[in-house]
Amino acid sequence: MINIKIKNIVILTVLLSVITACSNKTTPVQKQPTKPLARATWIAPELETDQQRNERMAWWRAARFGLFIHWGVYSVPAGVYQDKPAAAEWIMLRSQIPVDDYKAYATDFNPQKYDAEKWVLAAKNAGMKYIIITAKHHDGFALYDSKVTDWDVVDASPYGKDLLKPLAEAARKHGIKLGFYYSQAQDWVHAGGAKHKHVQWDAKQKGSFNQYINDIAAPQVKEILSNYGDIAVLWFDTPVGVRQAHVKQFYQHLALQPDIITNNRLGGGALGDTVTPEQYIPALGIPGHDWETCMTMNNSWGYRSNDQQWKSSSELIHKLGDIASKGGNFLLNVGPTAQGEIPAQSLVLLDDIGQWMKINSEAIYGTEQSVFTFLDWGRVTQKTLANGNTRLYLHVWHWPQSRQLTLPLSNQVVDSFLLANQANQVGLKVTTTADGKILMLPKQAPDKVSSVIVLDIVGKPQLTQNRFNQPLNNGQYILDTSRVMLHNHLGSHMFIVDSEHGVANDDSDSSNESAKSATNASSATNASRAKQTKISQWQIKPGRKAEAWIEWQVEFQQVGQYQLSSLLSSDIENSQAIKAIVEYLGVDESQLKKLYNKRGRVISPKGQALTITTANVSKQPYSVDFGVINISKPGIYRLALLPVERPIESPVEKPVKKQKNNNSADMGLVASGKGWLGPDVYHLSVNPIKAIKSVNEKLTVKRALVSSL
C-alpha cells in the first residue's frame, strides 16, 4: 500500500516533469503497431493508469529474453587476490582491498579486443531482444566519460574511450533495446558511498551519503540517460540507505526517458516496474507483477578466471521455457574479460540457445503465464488468439518412451502439430480421458533438449485438476523438490542438487530437470525419485534475519490429523533448529495473491509452528518427525520449513547509531561468523492419521522425535 509520503514524492515528481501529464491522454494503440507510441513525459509507476502502463510495458512483456553484462575493473583481478581465489565483481569488498590498491587495477583495464557489434549480434542470434550493461557497479567505476569523477574508463584506464557509446550504436543498428545497470547506493570508491552494512575498510570511503547522492549518483544517472539515445531500462541495484528524498533526486532525471522501465531496487519506497528475483525462478511466478529472473551462466556475475562451473545449454533452455511459462523474463548474464571478450563458453551457450530459438522462438515471444504450473515432462507457454481461442506450446523436456503425453486439460482441441514441422502441420492424434488429453507422439523427439508441440484449443484453458500438491492413493503427500518454492531472501542462495553426485542441477524454485513430481502418483516410483534430489546450502548470513525458507502449497480435501515428517541430511556439528509452519490460505487459487506484498515479495509464512532441533550429524538421510497437526477445514494451505532465529555464536558489533544529519545509511549490523546453517532437505511428507471428530479442534503439537534410518 502506497503511504502518504510516497504519494507526495511521486506527485511532486510529476509536477517537476510536466504539468500537462493529466491533460495529454495517451493515444490509443492501433492494432499491430509497428512501433510503440512515445509519450511526452515520464509518469511515476505509482500514478500511471493501467492503459499507460500496458502500452509502456508491451515490448518488454513480449521480449521475454535479454542479455545481462557485468563488466568493469574487477575483470582485471578476475577472482584472484594475493594469489588466492576471491570474489568476482564483489572482490573489493570481500577482500577488503584499499581504495588506492583497487584503483591501480584500472591501469590494466585495456579492452582492445572489445567489439560492441559482435556482442550485440551474439545476443541477437541467441534470440535476445534487449541488453542491460553495468554502466557503474559497486566499485564505482563508470564505463563512460563521467563529468563528475575521474574514476571512469576514459580518465583512469589506458583504453581512454567510452565503452557505452559503441554498444548503444550497435544495439540501435540491429534493433536491440539497450538498458543500463546503475549501482546508485553502493559505491566503494567515492566518499560516502561505501555503506554496505556499514562495512568501511579505508578512510577514503568516509563521507556523507547525502553528498554522495548529490555529487555522484544522481548526476551520473542524468548522464547515462542523456547521452546515448533511447534507453529502454534503468536497472538499479542494492538500495542500501536510499530514502524518499533520494528517490526524488533520481526521479527528476527519468523525465529524460519518458518510456523507460525501472526495476524494484531503487529503494526509498519506490516500487519500480519490475520485480527482480536473482538466481532463482519463483515456483508460481509473481502474480500481478512484471518480473524478471536474472541469472549467471556459471557462479559469477563478473569475469572470474577460476569459475568453470558452467550450466549446460539444455539447462538454460529449460529455464527460459520455465520462466516464460510463469509470465516472466529471463535476463541471462555474461562477464567479459579485461581484454574485452565474452568468455568462449558463454558464446557457445548463447549459440546453442540461439539454434533452439531459431525454430522455437514462437513458443517464447509474446507468451502469457500458463495455468499449467507443474508437469513431469516439461512446461507450457500460451498465447491468446484473435478469435478468443488459446494456443498452447508444450515444451517437452522428457520425451515419453510410451509416446503418450498426458495434459490435464478439458478443452476441445482444434489443432495439434509439432512446431518444428509447422510447414507441414501433420496433426497429432489426441484422445480425451478423465485425466485430460492424451497426445500420441512420434517415436523420436524433434529436439533432444526441448521439443515444442502446438495445441490450439477452444477458449481459455480449463484444467482437469488443480496445480497444487495432491495426495497419493493412500492419502499421503510427498512434497519433493519438483514443486518447491525456495525463498532466497537477503542473500541466501540455497538450490537443488543431485543428492548422489552433489552436482547442482538447478537453482530455481521448481524447474529442476531431474526431479519428477511425486504427486498424483499411483505407486512408490515417484516417491523414490524424490530422494534423488535435495535442497542444499540452506543458510542465513550473519546479522541477517531468518528469511530464507522452503515452501509448498497443498490442497487438503480431507479434514483430519496428519503427521509431518521430513527426510534430511547434515554434516553440521552444531544443532540447527528448524520449524514447520502450516498456514491456511483459502478455498481456491485466487487466494494465492495473499502470498505477495505490493512489491511482489512473498510474505513470510505465519501460523501454527512445530519446532525441532536437527541433532543428527549424518550425510546419510535420516527422518525427522515434527509432530501432528489437525486440518480443520478443507482448502489450500502453505506448508513451510523455516530457520529458528537464534543469536549467532560469534560476536556481532552493535548497530551504528543514527546521526542527526539524517545520513540515510546509518542503520544495520556488522557481523562475522557462520550465521545459521541448515540441513539438506529431500522432502516433507504429510501422512493421514485419523479423521477429526470436531472441526473446532485447534492445531495440536506432539513432542518432536528424531530417528535415524
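This text goes with the structure placed above it.
Rules used in this analysis
- Residues numbered from 1 in each chain as written.
- Predicted model: local features only at pLDDT ≥ 70, side-chain atom pairs only at ≥ 80, totals over all residues.
- Heavy atoms only, no water.
- Helix = DSSP H or I, 4+ residues; strand = E, 2+ residues; numbered from the N terminus.
- Buried < 20%, exposed > 50% of the residue type's maximum accessible area, 1.4 Å probe, protein only.
- Contact = heavy atoms within 4.5 Å.
- Areas by Shrake-Rupley, 256 points an atom, 1.4 Å probe, with all protein chains shown as cover.
- Pairing = 2+ DSSP bridges.
- Axes fitted to C-alpha atoms, helices over the stretch in contact; angles between N-to-C directions.
- Parallel < 35°, antiparallel > 145°, perpendicular 65-115°, else oblique.
- Left-handed = near helix turned anticlockwise from the far one by under 90°.
- Nonpolar A, V, L, I, M, F, W, Y, C, P; charged D, E, K, R; others polar.
- Salt bridge = Lys/Arg side-chain N within 4 Å of Asp/Glu carboxyl O.
- 1 Å grid on protein atoms, 1.4 Å probe; cavity = no way out; pocket = protein on both sides within 12 Å on 5 of 7 lines; lining within 4 Å.
- Points joined across faces, edges and corners; volume = space filled by probe spheres on them.
- Core = buried A, V, L, I, M, F, W, Y, C linked by side-chain atoms within 4.5 Å.
- Polar contact = N/O pair within 3.5 Å; in protein donor to acceptor, adjacent residues only side chain to side chain.
- Phe/Tyr/Trp six-rings, centres within 6.5 Å; stacked < 30°, edge-to-face > 60°.
- Lys NZ or Arg CZ within 6 Å of the ring centre and 35° of its normal.
- Expected span 1.5 Å × (residues − 1).
- Bend = angle between axes of the 7 residues up to and from the residue.

Let us look at the overall build of the chain. In terms of helices and strands, the chain carries 12 helices and 32 strands. For the chain, the proportion of its 709 residues judged to be buried stands at 56%. In the chain, the proportion of contacts linking residues at least 24 apart, taken out of those at least 6 apart, comes to 77%. Accessible surface computed for the chain: about 29900 Å², of which carbon and sulfur atoms make up 49%.

Spatial strand order, β11-β12-β17-β14: four strands in an open sheet with antiparallel pairing. Unpaired on one side and paired on the other, β11 (378-384) and β14 (413-418) mark the two borders of the sheet. Averaged over all pairs of adjacent strands, the angle between their axes in this sheet comes to 20°, without regard to strand direction. Where strand β12 (residues 390-396) lies against strand β17 (residues 451-457), seven bridges are found, and the strand directions are antiparallel. From the neighbouring strand, V396 faces β17, where its bridge partner is S451.

Turning our attention to the packing of helix α8 (residues 209-226) against helix α9 (residues 244-254). Between α8 and α9, whose axes approach to 9 Å, the crossing angle comes to 15°. Here α9 runs roughly parallel to α8, going by the angle between their axes. Both α8 and α9 take part in a crossing whose hand is right-handed. In this structure, α8 uses F209, N210, I213, N214, A217, A218, V221, K222 and L225 to contact α9, whose residues at the interface are H246, Q249, F250, H253 and L254. Across the contact of α8 with α9, the residue classes break down as eight nonpolar, five polar and one charged.

Now for the pattern of salt bridges. Scanning the entire structure with this criterion turns up 21 salt bridges. Measuring nitrogen to oxygen at the nearest pair gives 2.7 Å for the salt bridge that ties D456 to R391. Linking D456 in strand β17 with R391 in strand β12, this pair joins segments that are 65 residues apart in sequence. R391 shares its class with D456; the two are buried. Connected through shared salt-bridge partners, E48, R53, R56, R61, D273 and D290 make up one network.

Across all of its chains, the model carries five cavities of 30 Å³ or more by this definition. Of the voids in this model, the second largest cavity is the one considered here, and its volume is about 50 Å³. Lining the second largest cavity are W60, Y130, I132, V233, W235, I261, T262, N263, T274 and E292. At the level of secondary structure, the elements contributing two or more residues to the lining of the second largest cavity comprise β4 (130-136), β6 (233-236) and β7 (261-262). Its residues assigned to classes, the lining of the second largest cavity shows six nonpolar, three polar and one charged.

A separate point is the sheet that holds β4. Pairing within the open sheet is parallel, and its eight strands lie in the order β7-β6-β5-β4-β1-β10-β9-β8. The open sheet has two edge strands with one neighbour each: β7 and β8 (274-275). Judged from the four bridges that link them, strand β9 (residues 290-295) and strand β10 (residues 329-334) form a sheet pairing that is parallel. The residue of β10 that forms the bridge with M295 is L332.

W71, Y102, I131, I133, F180 and L234 are the most contacted members of the largest nonpolar core, which totals 120 residues. At nine residues, α8 tops the list of elements feeding residues into this core. In this structure L234 touches F180, Y182, V221, I224, L225, L254, I260, I261, T262 and N263, once residues within four positions along its chain are discounted. Residues A548, V582, W676 and V681 belong to the second largest nonpolar core, which totals 34 residues.

Moving on, we get to the environment of K541. Relative to the elements of secondary structure, K541 occurs in the loop between β23 (539-540) and β24 (548-556). In this structure, the C-alpha to C-alpha distance between K541 and L677, residues 136 residues apart in sequence, is 8.6 Å.

Let's shift gears to unusual backbone geometry. Look at Q82: it is not a glycine, yet its phi comes out positive at around 50°. Checked against the element boundaries, Q82 lands in the loop between β2 (80-81) and β3 (84-85). Looking at Q82, the relative accessible area reads 60%, which means it is exposed. Positive phi, normally seen in glycine, also occurs at D83, with a value near 65°.

Following the sequence through the fold, T367 ends up in the loop between α11 (344-360) and β11. A residue is classified by how much of its surface remains accessible, and T367, at 2% relative accessible area, is buried. With 25 residues separating them in the primary sequence, T367 and L392 have C-alpha atoms 9.4 Å apart. Those residues within four positions of T367 in sequence are excluded, and the remaining contacts are R64, A324, E362, T381, Q382, K383 and Y393. A polar contact of 2.8 Å, which involves the side chain of T367, links it to the backbone oxygen of I364.

This next bit is on the side chain of Q186. Structurally, Q186 is set in the loop between β5 (177-182) and α8. For Q186, a relative accessible area of 0% gives the class buried.

Let us look at the packing of aromatic side chains. A complete count under the given rule lists 25 aromatic pairs for this structure. Ring geometry for F209 against Y212: centres 6.0 Å apart, planes inclined by 35°, an arrangement best described as tilted. Linking F209 with Y212, this pair stays in helix α8, spanning three residues, or about one helical turn. Each member of the pair, F209 as well as Y212, is classed as buried. One aromatic cluster is present, built from ring pairs that chain together W71, Y102, Y105, F109, Y114, W119, F141 and W151. The cationic tip of K129 hangs over the ring face of Y365; the distance from NZ or CZ to the ring centre is 4.6 Å. Directly above the aromatic system of W59 lies the positively charged group of K177, at a separation of 5.2 Å from the ring centroid.

Our next topic: helix α2 (residues 50-63). Spanning 14 residues, α2 covers 20 Å between terminal C-alpha atoms, matching the ideal 20 Å at 1.5 Å per step. Residue M57 marks the point of greatest curvature in α2, where the axis turns by about 50°. Taken together, the buried positions of α2 are occupied by Q52, R53, E55, R56, M57, W59, W60 and A63.

Before going further, it helps to spend a moment on the packing of helix α10 (residues 313-325) against α11. Direction vectors running N to C along α10 and α11 enclose 50°, while the axes themselves pass 9 Å from each other. Overall, the two elements α10 and α11 adopt an arrangement that is oblique. When the axes of α10 and α11 are compared, the crossing they make is right-handed. Across from S313, L316, I317 and L320 in α10, the residues of α11 making contact are L349, D352, I353, W356 and M357. Residue composition of the contact of α10 with α11, grouped by class: seven nonpolar, one polar and one charged.

On the secondary structure map, N474 appears in the loop between β17 and β18 (477-479). A relative accessible area of 54% places N474 in the exposed class. Distance from N474 to P688, taken between C-alpha atoms, is 8.6 Å for residues 214 residues apart in sequence. A polar side-chain atom of N474 sits 2.9 Å from the main-chain amide nitrogen of Q476.

Just distances and angles here, no functional claims.
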